[in-house]
Structure formats: C-alpha cells, structure tokens
Amino acid sequence: MAVQTDVYSEVDQELGQPLCLRDRPHPGADDRLKKAADLMRSWDGRLTTDSAAASIVTQARRALWPMILEPKLGKEASEYHWSESDFAEGRDHHARES
C-alpha cells in the first residue's frame, strides 16, 4: 500500500533543483520569481495536489521538451512522444553533476 500511495518523485525534485536558483535569485528577478525559488528550495519532492512547487516543476517540464526538440524538429516536435523522457531528464541532470 505504501508504494501505491507514494507521491515522492526523485526525478521531479532533481528537475526542480535548478529552478531554486541556488543561493540567490538573479538581481533582476521579480518578487514572484523569488517566491517560486524559495518554494523550490524547500520542496520535499512530493507531488501532492496542494503543492505549488510540484505545479512549478510540472509546468517547467512541459516547457522543457519543446525548448529541446523544436530547434531540431520544428513543428513535428509536438508529435514526438518518448516514453523514457522522465528517465532522460533525471539522467541528463546526473551527467552534468559528474
């Protein structure tokens, strides 16, 4: 039962880490961006319906793939579906840290 009700996502938490802007946000960042960075910094990686940080990561994920694929595939990028995309996001993140 614990496995079926687990809402923790290591991949999403790792994807969210660059969004927290580490130590300090960019000097030109507005208050909303600073608040979002604070949310990401303290996020526990749980994908609950009331988690603002989980929503930020979900929206970032939706924006990520078009940014990667559209320069190469153009309009056909929207038709590209890859079942391992979650794994690739997590793997790419680890590769940069090594």
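Coordinates for the structure precede this section.
Residues numbered from 1 in each chain as written. Predicted model: local features only at pLDDT ≥ 70, side-chain atom pairs only at ≥ 80, totals over all residues. Heavy atoms only, no water.

### Re the nonpolar core
Short version of the rule: In this text, buried Ala, Val, Leu, Ile, Met, Phe, Trp, Tyr and Cys residues form a nonpolar core when linked through side-chain atoms within 4.5 Å. Burial classes follow relative accessibility: with a 1.4 Å probe on protein chains only, a residue under 20% of its type's maximum area counts as buried, one over 50% as exposed, and anything between as partly exposed. Working definition: helices are DSSP H or I runs of at least four residues, strands are E runs of at least two. Numbering for both runs from the N terminus. Contacts were defined at the residue level, with two residues in contact if any of their heavy atoms lie within 4.5 Å.
One finds L15, C20, M40, W43, A53, A54 and V57 forming the largest nonpolar core, which totals seven residues. For this core, the leading source of residues is helix α3 (residues 52-73), giving three residues. Beyond its immediate sequence surroundings of up to four residues, A54 is in contact with W43, R46, L47 and T48.

### Details of the pattern of salt bridges
Inclusion rule: Whenever a carboxyl oxygen of Asp or Glu lies within 4 Å of a side-chain nitrogen of Lys or Arg, that contact is scored as a salt bridge.
Scanning all chains against the criterion turns up two salt bridges. A salt bridge links R61 to D12, with the nearest nitrogen and oxygen atoms 2.0 Å apart. Pair noted here: R61 is in helix α3 and D12 is in helix α1 (residues 10-16), with a separation of 49 residues, a long-range link. What makes D12 buried here is its relative accessible area of 9%.

### Remarks on the environment of S9
Within the fold, S9 resides in the segment before α1. For the pair S9 and G45, spaced 36 residues apart in the sequence, the C-alpha separation amounts to 5.5 Å. For S9, the residues in contact, after removing those within four places along its chain, are G45 and L47.

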